[in-house]
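The lines below spell out each chain.
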Number of protein chains: 2
Amino acid sequence: MSILVVGSVAFDNIATPSGRAENVLGGAATYFALAASYFTSVRVVAVVGDDFTAGHEYVMTKRGIDTRGIERATGKTFRWGGHYTDNLNEAKTDFTELNVFEQFQPKIPKEYLDTEFLFLANIHPTLQTSVRQEMNGVRMTGGDTMNYWINKTPRELAEMLRIVNVLLINDTETKMIAHESNLPRAAQKVLAMGPQALVIKHGEYGATIFFRQGAFGIGHHPFRAPSLPIEEVRDPTGAGDSFAGGFMGYIASQGEVNREVLKRALFYGGVMGSFAVERFGTERLQSLDRDEIDARFQVFRELTHLE
Amino acid sequence: MSILVVGSVAFDNIATPSGRAENVLGGAATYFALAASYFTSVRVVAVVGDDFTAGHEYVMTKRGIDTRGIERATGKTFRWGGHYTDNLNEAKTDFTELNVFEQFQPKIPKEYLDTEFLFLANIHPTLQTSVRQEMNGVRMTGGDTMNYWINKTPRELAEMLRIVNVLLINDTETKMIAHESNLPRAAQKVLAMGPQALVIKHGEYGATIFFRQGAFGIGHHPFRAPSLPIEEVRDPTGAGDSFAGGFMGYIASQGEVNREVLKRALFYGGVMGSFAVERFGTERLQSLDRDEIDARFQVFRELTHLE
C-alpha cells in the first residue's frame, strides 16, 4: 500500500570528520521518501524553490517516487548548513535559511487523498494536524517532531500527539515532552498523550518501540532493535528520517499492523539508517537494491539472535 | 566449573532518587560473586577489616560462595559513599576510605589454584597481572578496570590487557583506552592490545561483545544484547559487576567457550544487572532463584527476537 510523506526538501551544506559536501539534496521528506521507496510506493508533499532542478527531481522519480505533491514556489529552496565533530550524534547548525519553506502550507493533491499510510515529518505541529484531518482514509499515521516545537508550541504538539498512531523521536525529545528523566516512564507519559506506539531512536544503540496497553491488539511489552556498529559514519544527517522511511515503508508494504510486522519494521528502520550514514547526503539511499537491504536485515537479526 | 573473583569487598553509603542506604555490603567482588553464584561455584579473594561480621560473611556463604580467600586485616573495611541524581548512569562519589584495601595484596589459597575461570575485578592492574600469573591452570580470564587506572597507570594496564581473555568495560573507558571516539574503531584498538574479546557495557542500552579476528575460533562479527527498559532503577550501584558475574558465571557453568555460549552469557550479564538495580545494594541478588533468572532471560530474548 502507498505512503505519503509531508515534510521538508532542502539543500544541505554538511561537514563531518570524514569530509564535506555542499548544496546536496536533503530534507526530511527526501530521506524518508528514498528509504521508503525500497518497500512501497511513495508520494511526497513538500515545497521547493526555483533552484530545484529536473535533476533533483529525478533523484526521486527514478526511485519511482510520486512527486506531483512537490509545490514549486518563487524563491529559494530551504537551506541548512551543519557540522559534526567527534560526537556524531549531535549536529551543530551553522545556518538555517527557511526560504520558501517558511510559508509552507501543505497542499494534498486530490490523487493523494486515498493514501493508506501517512508520515508527518518534522514541521509545525499545526500543519501536521491539519494534514491528518484532510486525509480521511488513512489507516495509520506516523509523526516526528523536534525540541523547537516541544518548547515553543506545546499545546499544538499535544493536539498533534492525539492524531498520530506512531510517534518516532529520540531519547532527549521523549524526556522533554514527558518532563521525566527515566526513559521507560517518559515513554508511558508520551503514550498517555495519544500515540498507540512510540518509537524511540537511540542513535548508535538502536531503537525501542513502546506500546500503549491494548494498542493494535498486541499487548504492551516493548521491543528493541539493535543498530549496527559502524566503523566509519561518514555523515549522520538524515539517519533518523531514513529510519522512519524504512520503518513506515515496511509497515505500508505489509498492509496489516501486527506485533511481528512492527518488530521487523523496527529492524528495517535501523537498516535504512545504517545505509544512510555510509555516504554523504542521500547518496547511499539512491543506489541500493532490495537484496542488499535484506542482506543487511539478516546481519541486524544475527546481531542479537539467540538460537 | 568454578570461578575465582579477586576484588573489593566494601561497605557503601548510597543515595539515589528512590532513597538511601548506609553501611550496606558492597564492593565489586561481592556483587560479582553473588551474581555468579546462581550459575556455578564461586571463590573469592578479597580483604576486609574488623567490622566485617559473621553476618556479612553469611550473605556469601548462604549462596554457597567459598570465602576462604577473604583475608581479615586489622582496621576498617573499604568504605565508599556516593549518590546519583536523575542521571542514574553516573555515580557522584561523596567519599572513599580505602582502609585495609589500600594495602591489598591478593593471596590465593592453595585450594584455589585449580580454579578454571578467573575474574579480575577493578583493582590496580599490576595486582591483576600478578594474580593471573599465579593461576597457571586458568582456562579463561575476565577483567575490569576504570578511568583512574587508564589515566594513572597506562603501562601497567597495557600489561594487564595482554593477560586477560575478555575485558569488560563501558563505552567511555573503551574510548579512553583507545584514544578514539568511534566506538567500533576503539573496540578494535583495544582488542589489538591483547584481549580476545571485549564486552562493552552500554548501561541502559545493553552491551556489545567484539571479537579479535579468529578469537575462540568463532569469527569476528560482534554481538549485541539489549537491556530491559526498567521504570524504577532504585540503585545502579554494582550493576556492572553483577553483569560481569552473570556473564562469567554462565560461561564457567558451560565449561566450553563458543559463540553461542558467549552470546547467551551476554544476555545473562544483562539479566543479572537488571536484577541488581531493582533494590538497594546487593539485596535483590541475595534472594533470587534460577527460575526467576531464566524467566527474565526469556524476557530479554523476546525483547529483540524475530520469528
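Keep in mind that what you see is a predicted model, and the values were worked out from it rather than measured.

Criteria and thresholds
All residue numbers here refer to positions counted from 1 along the written sequence of the relevant chain. Lettering for chains starts from A, numbering for ligands starts from 1, and both go in the order in which the items are written. Predicted model: local features are reported for residues with pLDDT of at least 70 only, side-chain atom pairs are reported and counted for 80 or more only, and whole-chain, interface and lining totals are derived from all residues. With hydrogens and water excluded, all non-hydrogen atoms of the structure serve as input to the side-chain values. For every residue, the accessible area (1.4 Å probe, protein chains only) is compared with the maximum for its type, and the residue is labelled buried under 20%, exposed over 50%, or partly exposed between those bounds. Comment: elements are numbered from the N terminus, with helices defined as DSSP H or I runs of at least four residues and strands as E runs of at least two. At least two DSSP bridges between two strands are required for those strands to pair. A least-squares superposition brings the copies together, and it is based on the C-alpha atoms of residues with pLDDT no lower than 70 in both. Working rule for contacts: check all heavy atoms of both residues, and any pair within 4.5 Å makes them a contact. The term buried area refers to how much accessible surface (probe radius 1.4 Å) is lost by two components on association, counted for both of them together. Salt bridges are defined by distance alone: a side-chain nitrogen of Lys or Arg within 4 Å of a carboxyl oxygen of Asp or Glu. Two N or O atoms form a polar contact when they lie within 3.5 Å of each other; inside protein one atom must be a possible hydrogen donor and the other a possible acceptor, and for residues adjacent in sequence the pair counts only when both atoms belong to side chains. Three residue categories are used. Nonpolar comprises Ala, Val, Leu, Ile, Met, Phe, Trp, Tyr, Cys and Pro, charged comprises Asp, Glu, Lys and Arg, and polar comprises the others, including Gly. Take the buried Ala, Val, Leu, Ile, Met, Phe, Trp, Tyr and Cys residues and link them wherever side-chain atoms come within 4.5 Å; each set so joined is a nonpolar core. Simply put, an axis is a line fit to the C-alpha atoms, just over the touching stretch for a helix, and the angle between two N-to-C directions goes from 0 to 180 degrees. Each angle is binned into one of four classes, with values under 35 degrees roughly parallel, values over 145 roughly antiparallel, values of 65 to 115 roughly perpendicular, and all other values oblique. Should the near helix be turned counterclockwise from the far one by less than a right angle, the crossing is left-handed, whereas a clockwise turn marks it as right-handed.

Visitor: Quick rundown of the pairing of strand E6 (residues 78–83) of chain A? Include the residues and the values.
Guide: All names here are of chain A. The buried fraction of E6 is high, at five of six residues. Of the pairings in the sheet, the one linking strand E2 (residues 10–16) to E6 comprises six bridges and is parallel in character. Each residue of the ladder has a partner; that of Ile 14, found in E6, is Gly 82.

Visitor: I'd like to hear about the relation of the copies chain B and chain A, residue by residue, with values.
Guide: Mapping chain B onto chain A calls for a screw motion: a turn of 180 degrees about the axis and a shift of 0.0 Å along it, with 0.0 Å RMSD after fitting. Viewed as a symmetry operation, the transformation between the two copies matches a two-fold axis. Same-surface contact between copies: 100% of interface residues of chain B are shared with the interface of chain A.

Visitor: Quick one: what's the story with the interface of chain B and chain A, residue by residue and with numbers?
Guide: Counting residues at the interface gives 34 residues for chain B, matched by 34 residues for chain A. The contact between chain B and chain A buries some 3,200 Å² in all, and 52% of this surface belongs to carbon and sulfur atoms. Considering only the side of chain B, the residues that lose the most area to chain A are B:Tyr205, B:Arg224 and B:Leu306, jointly responsible for 25% of the buried surface there. At the surface where chain B touches chain A, the tally comes to zero salt bridges. Between chain B and chain A we count 20 residue pairs in polar contact (both at pLDDT 80 or more) in total. Take the side of chain B that touches chain A: its biggest share by element is five residues, from helix H11 (residues 290–304) of chain B. By residue class, the composition of the side of chain B that touches chain A is 13 nonpolar, seven polar and 14 charged.

Visitor: Outline the nonpolar core, supporting the account with residue identities and numerical values.
Guide: Core analysis: the largest hydrophobic core is formed by 72 residues, its most contacted members being A:Val5, A:Val44, A:Ile209, A:Phe247, A:Leu266, A:Met272 and A:Ile293. When residues no more than four places from it in sequence are discounted, the contact partners of A:Leu266 are A:Val199, A:Ala207, A:Thr208, A:Ile209, A:Phe223, A:Arg224, A:Ala225, A:Phe243 and A:Phe247.

Visitor: Describe the packing of helix H1 (residues 28–36) of chain B against helix H8 (residues 239–254) of chain B, with residues and values.
Guide: Residues and elements named next belong to chain B. One can describe the packing of H1 onto H8 by two numbers: an axis separation of 7 Å at closest approach and a directional angle of 40 degrees. Considering the angle they form, H1 stands oblique to H8. Between H1 and H8 lies a crossing of right-handed hand. Listed contacts from H8 to Ala 28, Tyr 31, Phe 32, Ala 35 and Ala 36 of H1 are Asp 241, Ser 242, Ala 244, Gly 245, Gly 246, Met 248 and Gly 249. When grouped by side-chain class, the residues that make up the contact of H1 with H8 number seven nonpolar, four polar and one charged.

Visitor: Which residues make up the sheet that holds strand E8 (residues 117–120) of chain A, and what are the values?
Guide: Residue and element names in this part refer to chain A. Judged by pairing direction, the sheet is mixed, and its nine strands sit side by side in the order E5-E4-E1-E8-E9-E10-E11-E12-E13 without closing on themselves. Two strands lie at the open edges of the sheet, namely strand E5 (70–72) and strand E13 (223–225), each paired on one side alone. Each strand of the sheet is rotated relative to its neighbour by a mean of 20 degrees, with strand direction disregarded. Here strand E4 (residues 42–48) runs beside E5; their pairing, made up of three bridges, is parallel. Bridging across to E5, Ala 46 finds its partner in Ile 70. Sitting on the sheet, helix H3 (residues 125–134) touches strand E1 (3–6), E8 and strand E9 (140–143), and the angle it makes with E8 is about 170 degrees.

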